Amino acid sequence: NAGVTQTPKFRILKIGQSMTLQCTQDMNHNYMYWYRQDPGMGLKLIYYSVGAGITDKGEVPNGYNVSRSTTEDFPLRLELAAPSQTSVYFCASSSGIVNSPLHFGNGTRLTVT
Amino acid sequence: SQELEQSPQSLIVQEGKNLTINCTSSKTLYGLYWYKQKYGEGLIFLMMLQKGGEEKSHEKITAKLDEKKQQSSLHITASQPSHAGIYLCGARRPASGSARQLTFGSGTQLTVLP
C-alpha cells in the first residue's frame, strides 16, 4: 500500500532558486496538508486543501504556494528559496471524517544554502 | 508558548523500564492524537482519544485523556529498543469551519538503551 508518497527525499537548493515538492496519495482522501518540521518546534501547518480546486493558508504560508488540480496530488512550490526554508517537509492526507487520523508521507529534507 | 506542551523533551531509559510522556493543551481538547516518528521517516499514527477518561492501548503503549486537566499521557510498559523515536501529540481544532488539521506539540525524543 503506497499511502502518501513524497518526492524528492532530499534536496539542496541555493538561495533564490525555486523548486516543487511533490505529494500524491492513493487513498482517495479529500483533505491534504503540508507541514514543516523544524528541530524542537514540532510541525507547523503551511497550506491545506479540502478538495480538488480548494486550497487555504495555514500557520506559516509565506514563501510557499500550492495547487490542487486533482484529488491525488498536492504539490508545494517554493519560490525564491531562503535559508529560513531549510526544514523537513511533510505531506499528509485524511478522509475528513471527524476523528479520522492524518496519514503522513516520509518527508522531504530540504537545505537552502 | 506552544499551544501543546510536551514533557519531557527527551528521555533516556534502560530497556525494560516503564516511562510516561505528557502532553498538555492550553486550549480545550476536541481530540488528542498520538504519533510516533523514526528518524528519516514520517509520522505513524498510534491512537486517538476523544472523551475525558478515555484510555486506549496499542501493544505495550497506553494513552489516557484527562479532559479537565486538558492533558494526555502516553505510558510505555517494559520499554524496548523498538520503542525509540520521537513521540508527538496532536490536537484537533473545533469541527466547525475547520479542515480537520492538527496542531502538534514539539515532540519527545525517546532513547531506549539495550
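These lines cover the structure that appears in this document, whether it is placed above or below. (Residues numbered from 1 in each chain as written. Chains lettered and ligands numbered in written order. Predicted model: local features only at pLDDT ≥ 70, side-chain atom pairs only at ≥ 80, totals over all residues. Heavy atoms only, no water.)

1. Re the pattern of salt bridges
For side chains of opposite charge, pairing can occur when their charged atoms come near one another.
All names here are of chain B.
Then, number 1: Taken as a whole and assessed by the stated rule, the structure comprises six salt bridges over all chains.
Then, number 2: Among the ionic pairs, Glu-3 bridges to Lys-27, the shortest N-O distance being 3.7 Å. Taken together, the residues Glu-3 in the segment before β1 (4–7) and Lys-27 in the loop between β3 (19–25) and β4 (32–37) connect sequence positions 24 residues apart.
Then, number 3: The exposure class assigned to Lys-27 is partly exposed, which follows from its relative accessible area of 44%. (Salt bridge = Lys/Arg side-chain N within 4 Å of Asp/Glu carboxyl O. Helix = DSSP H or I, 4+ residues; strand = E, 2+ residues; numbered from the N terminus. Buried < 20%, exposed > 50% of the residue type's maximum accessible area, 1.4 Å probe, protein only.)

2. Focus: the packing of aromatic side chains
Then, number 1: Considering all chains together, one arrives at ten aromatic pairs over all chains under this definition.
Then, number 2: Taken together, a centroid distance of 5.8 Å and an interplanar angle of 65 degrees make the contact between Tyr-64 of chain A and Tyr-89 of chain A edge-to-face. Of this pair, Tyr-64 of chain A sits in strand β7 (residues 64–66) while Tyr-89 of chain A sits in strand β9 (residues 87–94); the two residues are 25 residues apart in sequence, bridging distant segments of the chain. The pair Tyr-64 of chain A / Tyr-89 of chain A is uniform in exposure class, with both members buried.
Then, number 3: When the centroid spacing of 6.0 Å and the interplanar angle of 70 degrees are considered together, the rings of Phe-104 of chain A and Phe-104 of chain B count as edge-to-face. Taken together, the positions of Phe-104 of chain A in strand β10 (residues 103–104) and Phe-104 of chain B in strand β10 (residues 102–104) put the pair across two chains.
Then, number 4: Relative accessible area serves as the criterion here: at 9%, Phe-104 of chain A is assigned to the buried category.
Then, number 5: For Phe-104 of chain B, a relative accessible area of 2% puts it in the buried group.
Then, number 6: Taken together, the aromatic side chains of Tyr-33, Tyr-35, Phe-90 and Phe-104 of chain A together with Tyr-33, Tyr-35, Phe-45 and Phe-104 of chain B make up a single cluster linked through ring pairs. (Phe/Tyr/Trp six-rings, centres within 6.5 Å; stacked < 30°, edge-to-face > 60°.)

3. A word on the state of the cysteines
Then, number 1: Enumeration over the complete set of coordinates arrives at two disulfides over all chains.
Then, number 2: Put simply, Cys-23 of chain A and Cys-91 of chain A are joined by a disulfide, and their sulfur atoms are 1.9 Å apart. A torsion of -70 degrees about the S-S bond marks the disulfide between Cys-23 of chain A and Cys-91 of chain A as left-handed. In this pair, Cys-23 of chain A sits in strand β3 (residues 19–25) while Cys-91 of chain A sits in strand β9, placing the two residues 68 residues apart along the sequence.
Then, number 3: Cys-91 of chain A sits in the buried class, given a relative accessible area of 0%.
Then, number 4: Paired by a disulfide, Cys-23 of chain B and Cys-89 of chain B hold their sulfur atoms 2.0 Å apart. On the S-S bond that ties Cys-23 of chain B to Cys-89 of chain B, the torsion sits near 75 degrees, and the link is right-handed. Note that Cys-23 of chain B is positioned in strand β3 and Cys-89 of chain B in strand β9 (residues 85–92), a separation of 66 residues in sequence.
Then, number 5: You can call Cys-23 of chain B buried: its relative accessible area is 1%.
Then, number 6: For Cys-89 of chain B, a relative accessible area of 0% corresponds to the buried category. (Disulfide = S-S within 2.5 Å.)

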